[in-house]
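Commentary on secondary and tertiary structure
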Amino acid sequence: MFKEYLQKLQDQHLLRRLRTIASSTGPTVRLDGHTVILLSSNNYLGLATHPAVIEAAVEATRQYGAGSGASRLVCGTLTPHEELETALARFKGTDAALTFAAGYLANISAVPALIGKDGLILADRLCHASLIDGCRLSGATFRVYHHRDMNHLEQLLTRRLPGKPTLIVTDGIFSMDGDIAPMRDIALLAERYGAAVYVDDAHGTGILGETGRGTLEHCDVETRIPYHMGTLSKAIGSTGGYLAGSAEFVAYLVNTCRAFTYTTAPTPAAAAAATAALRVIRQEPERRARLWQNRHHLAQGLTSLGFRLAASESPILPVIVGDPDRAMSLAHTLLTLGVYAPAIRPPTVPASTSRIRFTITADHTDEHIDQALAALAQAGRALNMI
Ligand SMILES: *Cc1c(COP(=O)(O)O)cnc(C)c1O
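These figures come from a predicted structure and were not determined experimentally.

What counts and how
- Residues numbered from 1 in each chain as written.
- Predicted model: local features only at pLDDT ≥ 70, side-chain atom pairs only at ≥ 80, totals over all residues.
- Heavy atoms only, no water.
- 1 Å grid on protein atoms, 1.4 Å probe; cavity = no way out; pocket = protein on both sides within 12 Å on 5 of 7 lines; lining within 4 Å.
- Points joined across faces, edges and corners; volume = space filled by probe spheres on them.
- Helix = DSSP H or I, 4+ residues; strand = E, 2+ residues; numbered from the N terminus.
- Nonpolar A, V, L, I, M, F, W, Y, C, P; charged D, E, K, R; others polar.
- Domains from an automatic or database assignment.
- Buried area = accessible area lost by both parts, 1.4 Å probe.
- Salt bridge = Lys/Arg side-chain N within 4 Å of Asp/Glu carboxyl O.
- Polar contact = N/O pair within 3.5 Å; in protein donor to acceptor, adjacent residues only side chain to side chain.
- Contact = heavy atoms within 4.5 Å.
- Pairing = 2+ DSSP bridges.
- Axes fitted to C-alpha atoms, helices over the stretch in contact; angles between N-to-C directions.

This part covers the layout of surface pockets. Of the pockets and cavities examined, the largest pocket occupies roughly 1200 Å³. Every residue lining the largest pocket is counted, 30 residues in all, and those nearest its centre are R17, R19, Y340, P342 and A343. Broken down by element, the lining of the largest pocket gets its largest block of residues, four residues, from helix α14 (residues 324–336). Of the residues assigned to the lining of the largest pocket, the class counts are 13 nonpolar, 11 polar and six charged.

This part covers the domain arrangement of the protein chain. Here the protein chain is partitioned into domain 1 (12–41 + 285–382) and domain 2 (51–283). Its C-alpha centre places domain 1 at a distance of 27 Å from the equivalent point of domain 2. Buried area between domain 1 and domain 2, summed over both chains or domains, comes out near 1400 Å², and the portion from carbon and sulfur atoms is 56%. Together, R288, E313 and I316 form the three largest contributors to the area buried by domain 1 at its contact with domain 2, with a combined 38%. A salt bridge links R148 to E313; the nearest nitrogen and oxygen atoms lie 3.9 Å apart. Inspection of the domain 1/domain 2 interface yields eight residue pairs in polar contact (both at pLDDT 80 or more). Put simply, the parts of the chain that give the side of domain 1 that touches domain 2 at least two residues each are α13 (285–305), β10 (316–322) and β13 (354–359).

If you trace the backbone, S175 turns up in the loop between β6 (166–171) and α8 (183–193). Each residue touching S175, except ones within four places of it in the same chain, is listed here: H128, H203, I316 and R357.

Turning our attention to the sheet that holds strand β5 (residues 141–145). Across the sheet, seven strands lie side by side as β3-β9-β8-β7-β6-β4-β5; this open sheet has mixed pairing. What marks the edges here is a single partner per strand, and that holds for β3 (96–100) and β5. Each neighbouring strand pair of the sheet contributes to a mean axis angle of 20°, computed without reference to strand direction. Two strands pair when backbone bridges link them, and strand β8 (residues 227–231) and strand β9 (residues 241–245) are joined in this way by four bridges, in the antiparallel orientation. The residue bridging G230 from the neighbouring strand is Y242, located in β9. Of the strands in this sheet, β3, β4 (120–124), β6, β7 (196–200), β8 and β9 are in contact with helix α5 (residues 103–114), which crosses β7 at around 175°. Relative to β5, helix α7 (residues 150–158) is tilted by about 155°, and along the sheet it contacts β4, β5 and β6.

Given below as structure tokens:
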């Protein structure tokens, strides 16, 4: 049964395999004995390898141990967890914050904590898989609106049964396309029709907005959106997820989220690393500036080579290729030329929109980007894509 299933995936060019990287995560990595330029990490600000972040993780491990011993509610809440939540609330400008072992866990438990069987969820069609799983687990009626389509969202809002509790769910930056949710319009519709809004800002946290507070700062709607979710695993360079909001909201989550209660607390190292990263984000704004400069460089290069770029507004730069086998060919050729960026295929993205999802970080140099563009020019021509 396994064999046939895997063979079928292989025939459709949809088989996934793990590859081991024998180094830290970028900007270049060791892969199969070669050094290649990594263009697919979400370590946007390079904080996973920042000396102060590493030092904080090491120091916390020495002081508090490698593991945290139990669930947060049993005896797993250690000083590094509390310090992180204080720092996160300060960063997000909310009263309080709660962290989870992963962003995925935050979404699959917070959405069901906020809405149940009697409710209605309206979600953007391109929401992250963890949000969709959270929506399904909630048992609420679940409808998707066309991607970023406010007319469709409004239509669904007007068609509701009167008095139906409603939650609008969206990514801040969409993870596979790199575009930004129209948060001002969403806030307006939510206010007009009496719905609540839950934003997953996994990719916006740390990189968007004047001070890096994310998509809501960028769109100037921070105080109008009640439920802010994000990860510590992307720009923040550690692992974990969080929700930020009022003190009552956080206390409510502590008492209702199953993936908070029934899992062991994140390691002291992960929590301390994230706290240190938040400090670096505040103290080194030049990293964010460098990220956007690099993003501009790579986006311009891809466009002038003639690649079909998705309508991205972020450091996620997807080149849409179409069929999965074409995307696999491009990824393979790029790797032989020293650039690592795997193909993204269904079911992660809709059929016939297979792509290479390039991401750029603050740690890439101009030389890395120029080298990658030269490889892209060669690969694109060899495969008749440009
Ligand atoms: C990565 C991601 C998550 C999951 O976060 P983890 O911390 O990696 O579990 C959730 N939502 C979005 C939009 C993401 O891109």
